[in-house]
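Survey of secondary and tertiary structure
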Protein chains: 2
Amino acid sequence: MSRADRFLNACRRKPVDCTPVWMMRQAGRYLPEYREIRAKHTFLEMCKTPELAAEVTVQPVRRYEIDAAIIFADILLPLEPMGIGLEFAKGEGPVIHNPVRSMADVEKLKPIDAATQISYLMQAIKIVLKELNGKVPLIGFSGAPFTLASYIIEGGGSRNYEHAKAMMFAEPKTWHKFMEHLTGVIINYMNAQIDAGVQVVQLFDSWVGALGPQDYREFVLPHQKNVIAGIKKTVPLIHFAHGATHLLEMVSEAGGDVIGLDWRCNLDEAWKRVGEDKAVQGNIDPISLFGSKEFIRKRTKDILDRAGNRNGHIMNLGHGILQQTPLENAAEFINATHELSKR
Amino acid sequence: MSRADRFLNACRRKPVDCTPVWMMRQAGRYLPEYREIRAKHTFLEMCKTPELAAEVTVQPVRRYEIDAAIIFADILLPLEPMGIGLEFAKGEGPVIHNPVRSMADVEKLKPIDAATQISYLMQAIKIVLKELNGKVPLIGFSGAPFTLASYIIEGGGSRNYEHAKAMMFAEPKTWHKFMEHLTGVIINYMNAQIDAGVQVVQLFDSWVGALGPQDYREFVLPHQKNVIAGIKKTVPLIHFAHGATHLLEMVSEAGGDVIGLDWRCNLDEAWKRVGEDKAVQGNIDPISLFGSKEFIRKRTKDILDRAGNRNGHIMNLGHGILQQTPLENAAEFINATHELSKR
């Protein structure tokens with residue numbers, strides 16, 4: 001079985017020869033070949049230069065026996081075409097110069113045409129597809145509405161999301177209008193990537209775990225459903241909400257062929273809550289890769305045992321791989337997944 | 001019924017006239033009378049000057065109809081007597097100059113005698129008790145082992161807790177030895193506060209939500225049980241783990257008369273998971289207090305409805321009150337709790 005079939009079959013809950021595996025943020029700083037390029041270019045330069053983005057996308061596929069590539073990009077790329085000033089300040093992460101805080105701010109936002117306005121990404125996708133030549137599938141991705149909204153309202157990363165939640169609680173009309181705008185943006189952005197040729201898409205809801213269950217239901221779920229309904233059904237969709245074990249049933253209700261799990265749950269129990277009619281992805285703690293090889297193998301085996309060789313499990317970390325991860329430990333995780341899950 | 005009886009009865013799951021309420025971090029920056037004192041003193045000066053610590057402890061009791069006071073202190077106060085250099089850098093939070101990273105570091109740590117080495121806190125407790133004169137009970141508190149360990153290992157706040165988890169995963173003997181040391185420190189610190197006269201204690205496990213269920217069971221639960229077993233049973237103990245909805249059954253198993261809930265759960269469902277033989281505390285999102293008065297009242301009522309006037313509910317925020325909270329909105333929350341829960 002080809003690695004591409006292995007991955008796509010798992011997304012569709014069909015039989016596989018062994019469990020497919022990839023790592024969130026696998027095109028990243030833990031790789032010396034990535035750091036070499038990053039030393040010469042800013043993060044945004046790398047995103048906006050198709051050859052560079054394509055190169056770092058393919059790097060982990062060259063080094064490891066992983067079963068998918070994920071296009072190198074940032075969830076905040078659609079901000080500029082919307083009319084929002086974005087900068088990646090040194091050591092600070094993203095900084096947004098004109099955060100959205102009012103109905104007037106929301107009304108100024110523009111719809112986007114990702115195929116032309118983010119054409120650099122579509123070009124990168126095409127270069128990668130040519131280089132991969134069907135060996136492994138390519139994943140495209142986008143941030144989910146809450147995660148994008150909270151970045152844009154807060155003006156960057158946040159600890160408490162107080163401006164975002166204050167808008168929800170005190171100005172619900174503004175909130176919903178903003179989420180509706182983002183819904184259109186995300187659908188356009190994802191579909192442009194699908195048109196460019198990605199074979200899988202992942203929706204990242206990185207910060208939605210900050211919400212209680214009622215808030216997710218009222219302020220997020222309807223928009224999340226609309227986003228997922230609007231994305232073309234020609235490729236499988238992975239829906240990953242980080243820190244959201246307490247919201248798992250609703251995340252699954254929002255949609256997706258595969259539900260991503262972080263490490264804050266036992267995979268077997270979480271899969272029951274997701275519903276066994278969906279595939280799941282995850283869920284080793286990325287920091288497990290700082291342990292010994294024996295420890296990594298033990299934790300990998302535990303997850304595989306909980307999946308029990310059922311159709312529809314993609315192995316992954318529960319969040320992005322960390323910069324200090326030893327290279328050989330990432331290899332151990334990938335190889336152990338394949339070896340211990342042979343059907 | 002006195003406010004003191006109302007609060008202590010709720011801790012013991014006995015009848016009350018209405019639901020008692022307090023707010024985590026209620027002695028804090030949202031109060032102008034607090035900021036006035038803070039403008040003239042560093043945070044550590046305030047902790048270490050009994051008259052100042054006592055004054056800010058009593059401030060919210062003067063302003064609001066709250067049913068308990070909590071002593072003004074910091075969970076990191078026991079670090080200095082352990083031999084760890086602690087500083088509160090401007091705008092950065094706590095900075096620890098000699099983080100613990102190895103067995104040799106752990107072996108250098110000293111046990112503490114809080115009654116003499118943190119006598120300033122015990123003096124503050126005595127001043128507060130005199131001023132409160134039994135009107136409302138005084139809560140003492142400590143950080144839980146994981147939360148203290150992660151601060152000390154990381155050297156301050158952290159996003160991923162990678163050094164702490166790396167110690168767990170790669171050097172479990174060092175981890176357990178460190179947790180055993182902290183267990184002794186916390187028991188001594190809590191019991192000194194009880195001897196000084198606090199009528200309730202709360203154990204804060206602020207960061208333990210970063211762990212998956214297996215890690216909590218293996219690396220935290222045994223120590224947490226030992227801490228709780230070692231604290232004098234003469235006063236009720238509130239056990240609060242933030243961001244830990246996914247660990248609720250184990251948090252309850254670790255012990256405590258009252259289990260604190262953050263806002264990431266519905267109180268009725270969470271209470272079932274905790275076990276109805278325990279009291280619960282919580283759980284409005286602190287940022288709800290940025291909404292309108294109607295919104296605050298609606299959310300307060302929802303929680304009271306889920307508690308259903310059962311014995312053993314203490315109303316609280318799901319985390320500390322935020323600095324920008326409007327004063328009158330905190331009042332609305334407190335008064336709504338009392339009005340809507342009259343028996």
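Residues numbered from 1 in each chain as written. Chains lettered and ligands numbered in written order. Predicted model: local features only at pLDDT ≥ 70, side-chain atom pairs only at ≥ 80, totals over all residues.

Overlay of chain A on chain B (RMSD 0.0 Å): rotation 180°, translation along the axis 0.0 Å. What we have between these two chains is a two-fold relation. Proximity to the rotation axis, assessed at the C-alpha, singles out His246(A) in chain A; its C-alpha lies 3.3 Å from the axis. A high fraction, 100%, of the interface residues of chain A reappear at the interface in chain B, so the copies pair face to face through one surface. (Least-squares fit on C-alpha atoms with pLDDT ≥ 70 in both. Contact = placed C-beta atoms within 7 Å.)

Turning our eyes to something else, we now look at helix H8 (residues 119–132) of chain B. Residue and element names in this part refer to chain B. Between its first and last C-alpha atoms H8 spans 20 Å; for 14 residues at 1.5 Å apiece the expected length is 20 Å, and the two agree. Every buried residue of H8 is listed here: Leu121, Met122, Ala124, Ile125 and Val128. With its buried residues spanning 155° around the axis, H8 presents them on a single face. Contacts from the buried residues of H8 go to helix H4 (50–63), strand S1 (69–70), helix H7 (114–117), strand S4 (138–143) and helix H11 (172–196). Asn133 lies just past H8 and shows a positive phi near 55°. (Helix = DSSP H or I, 4+ residues; strand = E, 2+ residues; numbered from the N terminus. Expected span 1.5 Å × (residues − 1). Buried ≥ 20, exposed ≤ 12 C-beta atoms within 10 Å, placed from the backbone. Arc of directions from axis to C-beta.)

What follows concerns the packing of helix H9 (residues 145–154) of chain A against helix H10 (residues 162–170) of chain A. Residues and elements named next belong to chain A. Where H9 meets H10, the axes come as close as 8 Å, and the angle between the chain directions of the two elements is 105°. The pairing of H9 with H10 is recorded here as roughly perpendicular in orientation. Here Ala149, Ser150, Ile153 and Glu154 of H9 come into contact with H10, specifically with His163, Ala164 and Met167. Taken together, the residues of the contact of H9 with H10 break down into four nonpolar, two polar and one charged. (Axes fitted to C-alpha atoms, helices over the stretch in contact; angles between N-to-C directions. Parallel < 35°, antiparallel > 145°, perpendicular 65-115°, else oblique. Nonpolar A, V, L, I, M, F, W, Y, C, P; charged D, E, K, R; others polar.)

The pairing of strands in a sheet happens through backbone hydrogen bonds and is either parallel or antiparallel. All names here are of chain A. What the seven strands build is an open sheet, ordered S1-S4-S5-S6-S7-S8-S9; its pairing is parallel. Either end of the sheet is taken by a strand with one partner, and the two such strands are strand S1 (69–70) and strand S9 (313–314). Docked against the sheet, helix H11 (residues 172–196) engages strand S4 (138–143) and strand S5 (200–205), running at close to 170° with respect to S4. (Pairing = 2+ DSSP bridges.)

Counting from both sides, the interface comprises 22 residues of chain A and, opposite them, 23 residues of chain B. Examining the composition of the side of chain A that touches chain B, we find that five residues originate from one element, H10(A), more than from any other. Split into classes, the residues belonging to the side of chain A that touches chain B amount to ten nonpolar, eight polar and four charged.

Right, let's get into the confidence of the model for chain A. Predicted coordinates in regions of low pLDDT should not be interpreted in detail. The pLDDT averaged across chain A works out to 97; a share of 100% of its residues lies at or above 70. ipTM for the predicted complex: 0.95, alongside a pTM of 0.97. (pLDDT = per-residue confidence, 0-100.)

With that settled, the discussion passes to the sheet that holds strand S6 (residues 237–241) of chain B. All names here are of chain B. As summarised here, the arrangement of the seven strands in space is S1-S4-S5-S6-S7-S8-S9, forming an open sheet in which the pairing is parallel. Single-partner strands in this sheet number two, and they are S1 and strand S9 (313–314). Bridging between S6 and strand S7 (residues 258–260) involves three bridges; their strand directions are parallel. Residue pairing for S7: Phe240 is matched across the bridge by Gly260.

Below, the discussion takes up the nonpolar core. Judged by nonpolar contacts, the single largest core of 243 residues is most densely connected at Ile71(A) and Val208(A). When residues no more than four places from it in sequence are discounted, the contact partners of Ile71(A) are Thr57(A), Leu121(A), Ala124(A), Ile125(A), Val128(A), Leu138(A), Ile139(A), Gly140(A) and Val198(A). (Core = buried A, V, L, I, M, F, W, Y, C linked by C-beta atoms within 7 Å.)

Turning next to helix H15 (residues 293–307) of chain A. Residues and elements named next belong to chain A. With 15 residues, H15 should reach 21 Å at 1.5 Å per residue; the first-to-last C-alpha distance of 21 Å fits that figure. Every buried residue of H15 is accounted for by Ile296, Arg299, Thr300, Ile303, Leu304 and Ala307. Down the axis of H15, the buried set is contained in an arc of 140°. They therefore lie on one face. Just downstream of H15 lies Gly308, where phi reads positive at about 60°.

So, about unusual backbone geometry. A negative phi holds for most residues other than glycine; trans holds for most peptide bonds. In the segment running from Gly282(A) into Asn283(A), the intervening peptide bond is cis, with an omega of 5°. Turning to its location among the elements, Asn283(A) is positioned in the loop between strand S8 (279–281) and H15. Backbone geometry at Asn133(B) places phi at a positive 55°, although glycine is not the residue there. Taking the C-beta count within 10 Å as the criterion, Asn133(B) has 7 such neighbours and is therefore assigned exposed. The phi dihedral of Tyr161(B) is positive, around 60°, even though this residue is not glycine. Along the chain, the position of Tyr161(B) falls in the loop between helix H9 (145–154) and helix H10 (162–170). Among the residues examined, Tyr161(B) registers 22 C-beta atoms within 10 Å and is labelled buried.

Turning next to the environment of Glu92(A). All names here are of chain A. Its place among the elements puts Glu92 in the loop between strand S2 (86–89) and strand S3 (93–96). Exposure remark for Glu92: the 10 C-beta atoms within 10 Å place this residue in the exposed category. When the C-alpha atoms of Glu92 and Gly156 are compared, they prove to be 9.0 Å apart, with 64 residues separating the residues in sequence.

Before going further, it helps to spend a moment on the pairing of S4(A). Residues and elements named next belong to chain A. For S4, the buried fraction is high: six of the six residues fall into the buried class. Across the two faces of S4 the burial is the same, with Leu138, Gly140 and Ser142 and Ile139, Phe141 and Gly143 all buried. Pairing analysis gives two bridges linking S1 to S4, with the strands arranged parallel. Directly across from Ile70, in S4, lies its bridge partner Ile139. Alignment of S4 against S5, held across five bridges, turns out to be parallel. Bridge pairing links Ser142 to Leu203 in S5.

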